[in-house]
There are 2 protein chains.
Amino acid sequence: MPVPYSRLTAQQAEDEVKELYDRYEAFKSRGVKLDMSRGKPSPKQLDLAGNLYETLSAGFTAAAGADTRNYGELAGISEMKEIFSAMLGVPADGIIVGGASSLNLMYDTISRAVTHGLPGSAKPWKDYDKIRFLCPSPGYDRHFAVTEHFGFELVSVPMTEHGPDMDAVAWHAASDERVKGIWCVPVYSNPTGAIYSDEVIAQLANMKCAASDFTIMWDNAYGVHHLYGHAPQQANILDLCTDAGHPERVIEFCSTSKITYAGAGVSCLAGSPGTVKAALASMKYQTIGYDKINMLAHARFLGSMDNLRAHMEKHAAILRPRFETVDRVLTEELGGLNIASWTKPLGGYFINLVIQKNKASRVIRMCADANVTLTGAGAAFPYGKDPDDSNIRIAPSYPELEELETATRLLSVCVKLASLEKQLA
Amino acid sequence: MPVPYSRLTAQQAEDEVKELYDRYEAFKSRGVKLDMSRGKPSPKQLDLAGNLYETLSAGFTAAAGADTRNYGELAGISEMKEIFSAMLGVPADGIIVGGASSLNLMYDTISRAVTHGLPGSAKPWKDYDKIRFLCPSPGYDRHFAVTEHFGFELVSVPMTEHGPDMDAVAWHAASDERVKGIWCVPVYSNPTGAIYSDEVIAQLANMKCAASDFTIMWDNAYGVHHLYGHAPQQANILDLCTDAGHPERVIEFCSTSKITYAGAGVSCLAGSPGTVKAALASMKYQTIGYDKINMLAHARFLGSMDNLRAHMEKHAAILRPRFETVDRVLTEELGGLNIASWTKPLGGYFINLVIQKNKASRVIRMCADANVTLTGAGAAFPYGKDPDDSNIRIAPSYPELEELETATRLLSVCVKLASLEKQLA
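Residues numbered from 1 in each chain as written. Chains lettered and ligands numbered in written order. Predicted model: local features only at pLDDT ≥ 70, side-chain atom pairs only at ≥ 80, totals over all residues. Heavy atoms only, no water.

Brief notes about the sheet that holds strand β10 (residues 340-342) of chain B
Paired through backbone hydrogen bonds, the strands of a sheet run either parallel or antiparallel to each other. All names here are of chain B. Let me state the cut-off plainly: At least two DSSP bridges between two strands are required for those strands to pair. Strands are runs of DSSP state E lasting at least two residues, helices are runs of H or I lasting at least four, and both sets are numbered from the N terminus onward. To define axes, lines are fitted to C-alpha atoms, for helices over the stretch in contact only, and angles between the resulting N-to-C directions are given on a 0 to 180 degree scale. Any pair of residues with heavy atoms lying within 4.5 Å of one another is described as a contacting pair.
Spatial ordering of the open sheet is given by β10-β11-β13, a layout of three strands whose pairing is antiparallel. Bordering the open sheet on either side are β10 and β13 (391-394), each of which pairs with just one other strand. The average undirected angle you get between the axes of adjacent strands in this sheet is 20°. Sheet strands in contact with helix α12 (residues 360-369) are β11 (351-355) and β13, and its direction is about 40° off that of β13.

Next up, the structure:
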């Protein structure tokens, strides 16, 4: 049984540090170079999509007759809308199929809000002295960065295992009409793996907002990305917003980036008829249409929700051992020491490790010195600043199993060292 | 020899009108339905690209080693940069390869100028009471629409056969720091087919501008789209702007939309190192990267500039008879009547027809009543308003030759009728 670090004698602690430094130096001298910084699919996962462009040997004509090689069809082709419709539980006429990046659709939505406003806006957001945006933290750095780029004030709200702390969210939303929205990853939230509860979803849909154009940016990035075949039954936020009388409150996003190809998938914006109409009314100035050939190839390859689920099982078979390796090594190395806790997500792309306060930057730097790149300290918090400096996001998808075990052991050694340094100091 | 309409006697005019109405009704009763409204490639042209995704059977690895299926490479892959570099005469490190739509890159550039400013901007354009943008007219409706969408005042400047009237351009640019830029299609300008002269290009690069961030939106949409193999040697505007000490004055755009697939090509933004740096600094919030698989497939299919030129010859072989059919029918029907003139472009996608004042809307409506759709009257002018109501844009690329002949005869009949109606009234 491991002894909690807090109960070590001074001598025990000193011996432990010595041994840990030896291990650390041993890792360093092995000269491995690993990157666990981003939620990047591994080549094996990308191989699962084979060469999906082979489906184009059947020609370029979409089901409804459009030549996908030519201009037109701003909202995308129906067969790809149907797939996203089934994924999100939004009617097909509430779907716009975009290009390779759902982040781009989110950015464009925020940009449009700034320059022109959204449905329900009294004026464009640029005409306010200040816009505030709610950022459940830890969360996704690229979300926060978009709103920071436009000069919004990022308001951190705590993340719980059931979604954002709704007392904080509701208070901010009700108190200031310049609080214009919130970033959400409702399933296997980045990075904690939290699944929003139906209660949280109902509160988001029904809460009183000072802003008539309060917007929930609902990034369902991991909605079908289960590790254990559990498909969480989740309340339908668009239906709830519609029932509550403000169907435009939520805009949903997703993509096939972690289903087919991370750099060349198909993205989606979904929402109420009003949301889709407003988005298209602006998009028509932006483009004549997104890449329909890629939509066609994807629709043919994915085929149906049953096929898609079977395909995601193959991803799970590759990812599951990686998540379990990280969990096993963390348990072996850190279990019982009372210096760290970590998530055991049922899906998604991340394990979130929380260590002692004021230690995360130090640990991440030590790992970097040994050529293991982790997500930057604080990245999961607004402005890249973790107030506790205790949060470390682990992205286990890309490395091979053996590398992952090595990297996780190194990380664990660094966590232990940093903890003991504190006690010794 | 046809007699100019102005010299017809009243009786002759009346007889002519009667005959023309009979012809018009005959067209109408044939029940054909044709669309010549947009510069859309024909299926035969799209077939020229075959199934370019077959090149992906050689795998997904880019020349420099990147897995095009995964995240990364915000500026695009080098092999596609090289092709655009050769097309535009801009060094490869001055190239960003985008998604399927160059219009989207242009829109994003203007949007970025509004929200954040461009290199050289004293402040974001949203912080001016009014932004003015120069629109050489007739010009491209989608260009004008982007700047109108952002609330800019569109300032019409006359188009000549050598480019915009530089006296007007220089006067506006020098007189007001809120005049922030100009839309240009330097080769085979939409819709007149004008080719910018080196003198005009030098003036654009060297003129004194009140705005430090005056921006030339240089849409080289038809730079390799020759009908007669003539490759106009044109001064390099980026080099001239650089020599003049403001390398960021010009931002260039192009795409393969009318080389490979109109709905699924690859686009490009090009400019000085400062332009590229600033664009990437903003794009990184927008996307992790554009579709690199499509870039790879395109680079492999297009191969080299020699191949690309040979490929464009095949487009010319399909397009040339179409342009010549329109010209022949217009000559047969309207030649010598002194009621119309039209362009005989050496490339691009349009023939521009100028008829008598206050007649274009009437003619376009009559054609529509006979199921031939032309570009809307005034579309080539700011705010969709042709001050003379005399300009008609003909897009001959899409219809089959026989249909095109029919449609052009119908159009000619309508032009003649409208001219005589005036004289009779």
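Read on, since the account is not over.
Observations concerning the packing of aromatic side chains
Residue and element names in this part refer to chain A. What counts is decided by this rule: Stacked, tilted and edge-to-face are the three classes applied to pairs of Phe, Tyr and Trp rings, where Trp contributes its six-membered ring and a pair requires centres within 6.5 Å; stacked means planes under 30 degrees apart, edge-to-face means over 60, and tilted covers the rest. Only protein chains enter the accessibility calculation, which uses a 1.4 Å probe; a residue is then buried when its area is under 20% of its type maximum, exposed when over 50%, and partly exposed in between.
The final tally for this structure, using the stated rule, is 21 aromatic pairs over all chains. Ring plane angle 55° and centroid distance 5.8 Å describe the contact between Phe133 and Trp183, whose orientation is recorded as tilted. With Phe133 in strand β3 (residues 132-137) and Trp183 in strand β6 (residues 179-184), this pair connects stretches of sequence that are 50 residues apart. Using a relative accessible area of 3% as the deciding quantity, one classes Trp183 as buried. Pairing Tyr196 with Trp218 gives two aromatic rings, centres 5.6 Å apart and planes at 85°, and the pair type is edge-to-face. Taken together, the residues span a long stretch of sequence, with Tyr196 in the loop between β6 and α7 (198-206) and Trp218 in strand β7 (residues 215-219) at a distance of 22 residues.

Here we look at the environment of Glu199 of chain B
Residues and elements named next belong to chain B. With respect to the element layout, Glu199 can be found in helix α7 (residues 198-206). On the accessibility criterion, Glu199 (59% relative accessible area) is exposed. For the pair Glu199 and His162, spaced 37 residues apart in the sequence, the C-alpha separation amounts to 8.7 Å.

What to know about the interface of chain B and chain A
Basically, it comes down to this: The quantity reported as buried area is the accessible area (1.4 Å probe) lost by two parts once they are put together, taken as the sum for both. Between Lys or Arg on one side and Asp or Glu on the other, a salt bridge is scored when a side-chain nitrogen of the former is within 4 Å of a carboxyl oxygen of the latter. Definition of a polar contact: a pair of N or O atoms within 3.5 Å, with one able to donate and the other able to accept a hydrogen when the atoms are protein atoms, and with sequence-neighbouring residues admitted only if both atoms are side-chain atoms.
Each side of the interface is counted separately: chain B has 52 residues, and chain A has 52 residues. Here chain B meets chain A over a buried area of about 4,300 Å², counting both sides, of which 56% is carbon and sulfur. Of all residues in chain B, the largest losses of buried area upon contact with chain A belong to Arg69, Tyr71 and Tyr285 of chain B, amounting jointly to 18% of the total for that side. Taken together, chain B and chain A are joined by two salt bridges. One salt bridge connects Asp47 of chain A with Arg69 of chain B, and the closest N-O pair in it is separated by 2.7 Å. For the interface between chain B and chain A, the tally reads 17 residue pairs in polar contact (both at pLDDT 80 or more).

Considering the packing of helix α3 (residues 78-88) of chain B against helix α10 (residues 292-302) of chain B
Residues and elements named next belong to chain B. Selection criterion: Working rule for angles: under 35 degrees goes down as roughly parallel, over 145 as roughly antiparallel, 65 to 115 as roughly perpendicular, anything else as oblique. Handedness of each helix crossing follows the sense of rotation of the near helix against the far helix: counterclockwise by less than a right angle gives left-handed, clockwise gives right-handed. Classification used: nonpolar for Ala, Val, Leu, Ile, Met, Phe, Trp, Tyr, Cys and Pro, charged for Asp, Glu, Lys and Arg, polar for all others including Gly.
The contact between α3 and α10 brings their axes to 8 Å, and the two run at 55°. Comparing the axis directions of α3 and α10 gives the class oblique. In the packing of α3 onto α10, the handedness of the crossing is left-handed. Note on element contacts: α10 touches α3 through Met295, Leu296, His298, Ala299 and Leu302, opposite Glu79, Met80 and Ile83. Tallied by class, the residues present in the contact of α3 with α10 amount to six nonpolar, one polar and one charged.

Re α7 of chain A
Put simply, the rule reads: Comment: arc refers to directions from the helix axis out to C-beta atoms.
If you check which residues of α7 of chain A are buried, you get Val200, Ile201, Leu204 and Ala205 of chain A. Down the axis, α7 of chain A shows its buried residues gathered within 135° of arc, on one side only.

Here's the deal with the side chain of Arg322 of chain A
All names here are of chain A. Checked against the element boundaries, Arg322 lands in helix α11 (residues 305-334). Among the polar contacts listed, one links the side chain of Arg322 to the backbone oxygen of Ser397, at a separation of 3.0 Å. Residues in contact with Arg322, not counting those within four places in the same chain, are Ser42, Pro396, Ser397, Tyr398, Pro399, Glu400, Leu401 and Leu404.

Looking at the relation of the copies chain B and chain A
Definition in use: Copies overlap after least-squares fitting; the atoms used are the C-alpha atoms of residues with pLDDT of at least 70 in both.
Laying chain B over chain A is done by rotating through 180° and shifting 0.0 Å along the axis; what remains is an RMSD of 0.0 Å. Seen this way, the second copy is the image of the first under a two-fold rotation axis. Considering only C-alpha atoms, the residue of chain B closest to the rotation axis is Tyr53 of chain B, which sits at 3.1 Å. Most of the interface of chain B is mirrored in chain A: 100% of its interface residues are interface residues there too.

What about unusual backbone geometry?
Along the chain, Ser137 of chain A connects to Pro138 of chain A via a cis peptide bond; the corresponding omega equals 0°. Relative to the elements of secondary structure, Pro138 of chain A occurs in the loop between β3 and α5 (141-149). In this structure, Pro191 of chain B follows Asn190 of chain B across a cis peptide bond, with omega equal to 5°. Position of Pro191 of chain B among the secondary structure elements: in the loop between β6 (179-184) and α7. For Asn358 of chain A, which is not glycine, the phi torsion reads 65° and is therefore positive. Tracing the sequence through the fold places Asn358 of chain A in the loop between β11 (351-355) and α12 (360-369).

Concerning the sheet that holds strand β9 (residues 267-270) of chain A
All names here are of chain A. Pairing in this open sheet of eight strands is mixed, and the strands run β2-β9-β8-β7-β6-β3-β4-β5 from one edge to the other. Among the strands making up the open sheet, the edge pair consists of β2 (95-97) and β5 (163-164). The sheet contact formed by β2 and β9 spans three bridges and is antiparallel. Pairing of Ile95 across the sheet is with Ala270, part of β9. Relative to β7, α7 is tilted by about 145°, and along the sheet it contacts β5, β6 and β7.

Some points on the nonpolar core
To keep things clear, this is the line we draw: We call a set of buried residues a nonpolar core when its members are Ala, Val, Leu, Ile, Met, Phe, Trp, Tyr or Cys and they connect through side-chain atoms within 4.5 Å of each other.
Residues Tyr53 and Leu204 of chain A together with Tyr53 and Leu204 of chain B are the most contacted members of the largest nonpolar core, which totals 182 residues. Discounting residues that sit within four places of it in the chain, Leu204 of chain A has contacts with Met166, Val169, Ile182, Cys184, Tyr196, Ile216, Trp218, Ile237 and Arg249 of chain A. Within the second largest apolar cluster, 49 residues are counted, among which are Tyr24, Leu34, Tyr349 and Val363 of chain B.

A word on the environment of Ile77 of chain B
All names here are of chain B. Here Ile77 is to be found in the loop between α2 (43-47) and α3. A C-alpha to C-alpha distance of 32 Å links Ile77 and Ala202, two positions 125 residues apart in sequence. Non-local contacts of Ile77, meaning those with residues more than four positions away in its chain, are made with Ala62, Thr68, Val97, Lys292, Met295 and Leu296.

Things to note about the side chain of Lys292 of chain A
Quick note on the threshold: Positive charges come from Lys and Arg alone, negative charges from Asp and Glu alone, with His and the N- and C-terminal ends not counted.
Mapped onto the fold, Lys292 of chain A is located in helix α10 (residues 292-302). Buried and unpaired, Lys292 of chain A has Glu73 of chain A as its nearest opposite-charge partner, separated by 7.1 Å. Here the side chain of Lys292 of chain A touches Gly72 of chain A through a polar contact of 3.1 Å, landing on its backbone oxygen. Excluding its chain neighbours within four sequence positions, the residues that come into contact with Lys292 of chain A are Asp67, Thr68, Asn70, Tyr71, Gly72, Glu73 and Ile77 of chain A together with Gly263 of chain B.

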